[in-house]
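Below, each chain spelled out in residue letters.
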Amino acid sequence: MNFSEQNVYIKVTDHSVSKENFELLIDAETELLKTHPQPALDVLGSYYESEDYISHTDAKRSLFERLYHLVKTYALIKKVALVSSIQKGKGKLLDIGAGTGDFLVTAKNAGWDTIGFEPNTSARNLALSKGIALVEETALLENNSLDAITMWHVLEHVPDVEAQLRELKRLLKPNGTLVIAVPNYKSYDAQYYGAHWAAYDVPRHLWHFSKKSMDTLTAKVDMKVSQIHPMVFDSFYVSLLSEKYKNGKMNFLKAFWIGLKSNIKAGGTKEFSSHIYIIKNI
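Residues numbered from 1 in each chain as written. Predicted model: local features only at pLDDT ≥ 70, side-chain atom pairs only at ≥ 80, totals over all residues. Heavy atoms only, no water.

Peer 1: Before we move on, can you summarise the overall build of the chain with the specific residues and values?
Peer 2: Scanning the chain for helices and strands turns up nine helices and 10 strands. Here the chain has a C-alpha radius of gyration of 18 Å; the compact-globule value for 282 residues is 19 Å, and the two agree. For the chain, the C-alpha atoms occupy an extent of roughly 45 × 45 × 40 Å along the three principal directions. Restricting to contacts in the chain with at least 6 residues of sequence separation, those with at least 24 account for 70%. When the accessible surface of the chain is split by element, carbon and sulfur atoms take 55% of a total near 13,000 Å². (Helix = DSSP H or I, 4+ residues; strand = E, 2+ residues; numbered from the N terminus. Rg over C-alpha atoms; globule rule 2.2 N^0.38 Å. Contact = heavy atoms within 4.5 Å. Areas by Shrake-Rupley, 256 points an atom, 1.4 Å probe, with all protein chains shown as cover.)

Peer 1: Pulling in residues and values, what's your account of unusual backbone geometry?
Peer 2: For the bond running from histidine 36 to proline 37, omega is -5°, close enough to zero to count as cis. Within the element layout of this structure, proline 37 appears in the loop between β3 (33-36) and α1 (41-44). Backbone torsion omega between valine 202 and proline 203 reads -5°, so that peptide bond is classified as cis. Within the secondary structure, proline 203 sits in the loop between α6 (188-193) and β8 (207-208). Located in the positive-phi region is histidine 153, a residue other than glycine, with phi close to 55°. In this fold, histidine 153 is placed in the loop between β6 (146-152) and α5 (161-171). We note that aspartate 201 has phi near 40°; this positive angle belongs to a residue other than glycine.

Peer 1: Explain the pattern of salt bridges to me, using residue names and the numbers behind them.
Peer 2: Counted according to the given criterion, the structure contains eight salt bridges. Glutamate 162 is paired through a salt bridge with arginine 166; the nearest N and O atoms lie 3.0 Å apart. Placement of the pair is glutamate 162 and arginine 166 together in helix α5, with a separation of four residues, close to one helical turn. Given the relative accessible area of 24%, glutamate 162 is considered partly exposed. With a closest N to O distance of 2.9 Å, arginine 204 and aspartate 201 form a salt bridge. Each member of the pair, arginine 204 as well as aspartate 201, is classed as buried. Via salt bridges that share partners, Asp14, Asp201 and Arg204 belong to a single interconnected network. (Salt bridge = Lys/Arg side-chain N within 4 Å of Asp/Glu carboxyl O. Buried < 20%, exposed > 50% of the residue type's maximum accessible area, 1.4 Å probe, protein only.)

Peer 1: Break down the nonpolar core for me, citing the residues and quoting the values.
Peer 2: The biggest cluster of nonpolar side chains holds 34 residues, and the ones touching the most others in it are Ile149, Leu178, Ile180 and Phe209. Those elements that place two or more of their residues in this core are β4 (92-96), β6, α5, β7 (172-183), α7 (211-220), β9 (223-230) and β10 (274-281). In this structure, phenylalanine 209 is in contact with Leu32, Leu155, Glu156, Val161, Val182, Pro183, Asn184, Tyr185, Met214 and Leu217, ignoring residues within four places of it in sequence. (Core = buried A, V, L, I, M, F, W, Y, C linked by side-chain atoms within 4.5 Å.)

Peer 1: Kindly report on the packing of aromatic side chains, identifying the contributing residues and their values.
Peer 2: In this structure the tally under the stated criterion is eight aromatic pairs. Measuring from ring centre to ring centre gives 5.2 Å for tyrosine 9 and tyrosine 185, while their planes differ by 70°; the resulting arrangement is edge-to-face. Of this pair, tyrosine 9 sits in strand β1 (residues 8-13) while tyrosine 185 is found in the loop between β7 and α6, placing the two residues 176 residues apart along the sequence. Judged by its relative accessible area of 34%, tyrosine 9 falls in the partly exposed class. Ring plane angle 90° and centroid distance 5.8 Å describe the contact between tyrosine 74 and phenylalanine 233, whose orientation is recorded as edge-to-face. (Phe/Tyr/Trp six-rings, centres within 6.5 Å; stacked < 30°, edge-to-face > 60°.)

Encoded structure:
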């Protein structure tokens, strides 16, 4: 892939932690965006050290956090139902980037044999306290041992995307299902908020995806996107944060309108704020 420093798609700021500036470089062939510069691995963790990094906490300190967890509970049920509808026999499920473990708890209650991987210490400890089994690294798991693998807003955090996809293919049974959810920078809310779009979330998000980039990346590892599903709640959540980054406060009415408008427009364009990609072996 060619990420020339002359091919700048947009310039963005880390609004939530460091306030540093970054560029998103575009590879024209694949439409994949790359955060530039990408922090070294030994300092990348420092960009997650914020009480406001909501996926690593169960906190409900504010109305926003309470609403987030309320919607999250409903979304977890829908996520598990989606995976179960595709991989009907259920079986063994690995969730990479398991966070505080709530998806795995829901999946376990639905009859899945679950295991997770989560590198963040505080999130991992919360998951363990809920009785979730975690693995130290996926390299410890056997080839073709999993019926389903899920990555909910995780692939954008992975330093080497192609290597990660090859590892997922190694782990998955030939008839297994890979489920990857990522933000979509071609959505209306992304175009509306531009450099203030919260789902860019640099430099924690090292990569930024479109449908074309997901098709291209999966093809490189002999896999194929078989279905795409929208995440309709994401446009509202992302718009709320984007309003804060753009105007200094969460304007609930404005964010709701932009989120709703994004979903309405996506009814025609099929470009939602985030997509769930169902991926199978070729």
